[in-house]
Every structure is written in structure tokens, then in C-alpha cells.
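Close look at the chain arrangement
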Amino acid sequence: MLKEVINDTSLMIIHLIDGTYELFRHFYGQRSYNKGKDKPSGAVIGVLHGVLEMIEQGATHLGVATDHVIESFRNELWPDYKTGAGIDWALRKQFQPLEEALMSMGIVVWPMIELEADDALASAARLAAADPRVLKVCIWTPDKDLAQCVRDDRVVQIDRRTGVIRDANTVRKKFGVSPDLIPDFLALVGDSADGYPGISGVGEVGAAQMLNQYGPIENFPPKVLVGQRERALLFKRLASLRTDAPLFNNVNQLQWLGPTSTFAELTTKMNEPRLLDRANEAAAKLMQ
């Protein structure tokens, strides 16, 4: 799948990874096989191997966004917005070790506190897409929020688990609206994962019809959403990703140059020598 994306070596392909999603995916994927006996660093190790696989397949410029904490400024706007409550302690304990391990492996990491990992991915996509040396930006997450960042076939969203690649046409087919209207769409239909319900009586088909007829919620005539307009605009604010995080000044900063000097000790502590071998082998190929 990654080789399908990398089809022009003369320009850079930027890969932006949702580290929090990957950590959750590996944690619960492993739990289904380990009969409840979680390895202390099992999910972290899984994410690192996954990133190394991308590098082995040709990825050269990468950045990983993580939720250093789950809460963000959105919790002040809507009390029921998602929190860290209920996260399995065995998983939560791997949040910061993942960030430290990725940095030790030489990967650029953006641990988010006031903003969310999704905001970091949106900001990084905007910064990377503005560089004429960038051929394509790939956002690796299935989160429907990130569909708003898709731009034609230059900024795409990839679900690593299913292999689905979403460009602008695919987003329209899936949601019924263009990428720029995804925040409006989510505001109307709600997002249970993020903790806001949307507008009562408005389903996906109806939301798409209204948005295609009137445009964004701000343009809706008074007869539409009577008594619920302000609520819809609040939910749109929750759904709208921030793109102003100052994550990097130059896409060259995202280039992977190999593991740092601390990675050998880290892999020894995790009892995962194969990670070091793979990282060193991948770095050696860069020198050829």
C-alpha cells in the first residue's frame, strides 16, 4: 500500500501518523491474543515496528502526533467532550513511553496538551502542503475528523488497518459532502467518539442534503435549524481542527536519519533487540 503512494522519487512524500490511534490499535490487538496478560511495553513496541515498516517500504519524511493528555481546550467548550476517563491503566502507562521511544528512534514527535493529536496532524498537513517540494501528504488515521484536511489527491487520508485511501472524491462518496464541509457534517450528525450528539432529527443523508443546498451552517437560512443554530455552530467548533500549531519550519526537519544513540539502551530495556537491528539496517540503506 505504501509503495502505491510513493510513485515519484523526485518530490517528497510526507507521512503524518496518528500515534495515539496506533497505540490503541496495537494495545487492543495484542490483548486479544495475550489472554489479558499485557506486556508493559507491548503496544509501544508494536507502534515502533509499524513505523519502521513504513521506513523500510520507502517513507523518508515522517511525523507522529500524540495526545500527551486526552483533554484539550474543547473540554471547556462542551463538558461532555471526550476525556481520559475509563482508559485502561495498562494502556495509559504507555502514552509517554511511546513518545520517548519514537524520539529515541529518530522520529519527529508532537506531544499535544492544549490541542489534540488531530490538530497536530491538521497543522502539519497544512504546513507540508504549502511546500512546493512536497508531492503528497499522507495522513495515517481512520478518524473521520481528518477527512476535512483532504485536498484533491495531494493530501490524502489512509486507514492502515483496512488499506483504504481517501482522496477528495472518496470523501464525497463516503460522507456526501466535500472535505471542507466535514466539520459542518459532523456538527449536524454528531460524533459519539468525541462526545457530542449532533442535532436531533438530522441524519447523515439529511445533513448532506442541507449542506449541499445551503453550504456551511453559517449560511443556513433562518427557517433551517430553528432554535438549534447556536448548538450546531458550537459542535462545528468542536469538529473543526486547528491548523495553526507551529510544529516545524521546514519539511526537511521531518526526514528520518536513523536512530539516536539512546535507542540501543532503550531496546535492551524493552527486550526487543529486533527493533535495533531493523532501525540500523534501514539507516544503513540511507547511506548507500
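The rules we used
- Residues numbered from 1 in each chain as written.
- Predicted model: local features only at pLDDT ≥ 70, side-chain atom pairs only at ≥ 80, totals over all residues.
- Heavy atoms only, no water.
- Helix = DSSP H or I, 4+ residues; strand = E, 2+ residues; numbered from the N terminus.
- Rg over C-alpha atoms; globule rule 2.2 N^0.38 Å.
- Buried < 20%, exposed > 50% of the residue type's maximum accessible area, 1.4 Å probe, protein only.
- Contact = heavy atoms within 4.5 Å.
- Areas by Shrake-Rupley, 256 points an atom, 1.4 Å probe, with all protein chains shown as cover.
- Salt bridge = Lys/Arg side-chain N within 4 Å of Asp/Glu carboxyl O.
- Phe/Tyr/Trp six-rings, centres within 6.5 Å; stacked < 30°, edge-to-face > 60°.
- Lys NZ or Arg CZ within 6 Å of the ring centre and 35° of its normal.
- Pairing = 2+ DSSP bridges.
- Axes fitted to C-alpha atoms, helices over the stretch in contact; angles between N-to-C directions.
- Parallel < 35°, antiparallel > 145°, perpendicular 65-115°, else oblique.
- Left-handed = near helix turned anticlockwise from the far one by under 90°.

When its secondary structure is counted, the chain shows 13 helices and 6 strands. Here the C-alpha atoms of the chain give a radius of gyration of 20 Å, agreeing with the 19 Å that 2.2 N^0.38 yields for 288 residues. If one aligns the C-alpha atoms of the chain with their principal axes, the spans along those axes are about 65 × 45 × 30 Å. Scored against the burial criterion, the 288 residues of the chain give a buried share of 50%. Counting only contacts in the chain whose residues sit at least 6 apart along the sequence, the fraction spanning at least 24 positions is 69%. Entry remark: accessible area of the chain is about 13,900 Å², with carbon and sulfur atoms responsible for 51%.

Moving on, we come to the pattern of salt bridges. Tallying each qualifying case throughout the model produces 15 salt bridges. For Arg74, the salt bridge is made with Glu116, and the minimal N-O distance between the two is 3.0 Å. Taken together, the positions of Arg74 in helix H4 (residues 74–77) and Glu116 in the loop between strand E3 (108–112) and helix H7 (117–129) put the pair 42 residues apart, joining distant regions of the chain. For Lys269, the salt bridge identified is with Glu265, shortest N-O distance 3.6 Å. Of the two residues, Lys269 and Glu265 are both situated in helix H12 (residues 263–269); the distance of 4 residues between them amounts to about one turn of the helix. Comparing Lys269 with Glu265, the two get one shared label, exposed. Connected through salt bridges with shared partners, the residues Arg74, Lys82, Glu116, Asp119 and Asp194 form a single ionic network.

All of the buried residues in helix H6 (residues 95–104) are Phe95, Leu98, Glu99, Ala101, Leu102 and Ser104. Tucked into the core, H6 has its buried residues touching helix H2 (19–34), helix H3 (42–56), strand E2 (61–67), helix H5 (89–92), E3 and H12. Of the residues trailing H6, Gly106 is marked for its positive phi of about 95°.

Time to look at the packing of aromatic side chains. In total, this model carries 8 aromatic pairs according to the counting rule given. Between Phe24 and Tyr28, the aromatic rings sit 6.4 Å apart at their centres with planes inclined by 40°, giving tilted as the arrangement. Here Tyr28 and Phe24 lie together in helix H2, a separation of 4 residues that amounts to about one turn. In this structure an aromatic cluster arises from ring pairing among Phe24, Phe27, Tyr28 and Phe95. If you follow Arg160 out to its NZ or CZ, it ends over the ring of Trp140, 5.9 Å from the centre. Lying over the aromatic face of Phe175, Lys174 brings its terminal NZ or CZ to 5.6 Å of the ring centre.

The strand order across the open sheet built from 6 strands is E3-E2-E1-E4-E5-E6, with neighbouring strands paired in mixed fashion. Of all the strands in the sheet, the pair left with one neighbour each is E3 and strand E6 (165–166). Bridge count for strand E4 (residues 134–140) against strand E5 (residues 155–158) is 4 bridges, and the pairing is parallel. Residue pairing for E5: Trp140 is matched across the bridge by Ile158.

Before going further, it helps to spend a moment on the pairing of E5. Going residue by residue along E5, you find Val155 and Gln157 tucked away on one face and Val156 and Ile158 tucked away on the opposite face as well. Between the antiparallel neighbours E5 and E6 lie 6 residues, among them Gly163 with a positive phi of about 85°.

Before going further, it helps to examine the packing of H2 against H3. Each pair of packed helices gets described by two things: the angle between the helix axes and the distance between those axes. It is the contact of H2 with H3, at a shortest axis distance of 8 Å, that shows an interaxial angle of 120°. As the angle between them shows, H2 and H3 are arranged oblique. In terms of crossing hand, the pair formed by H2 and H3 is right-handed. The segment H2 lies against H3, with Glu22, Leu23, His26, Phe27 and Gln30 engaging Gly42, Ala43, Val44, Gly46 and Val47.

With that out of the way, let us pick up the packing of helix H9 (residues 182–189) against helix H10 (residues 204–214). Contact geometry for H9 and H10: axes closest at 9 Å, N-to-C directions at 140°. As far as their axial angle goes, H10 and H9 are oblique. Viewed along their axes, H9 and H10 form a crossing whose handedness is right-handed. On H10, the residues touching Asp184, Phe185, Leu188 and Val189 of H9 are Glu204, Ala207, Ala208, Met210 and Leu211.

This is a description of form; function is not addressed.
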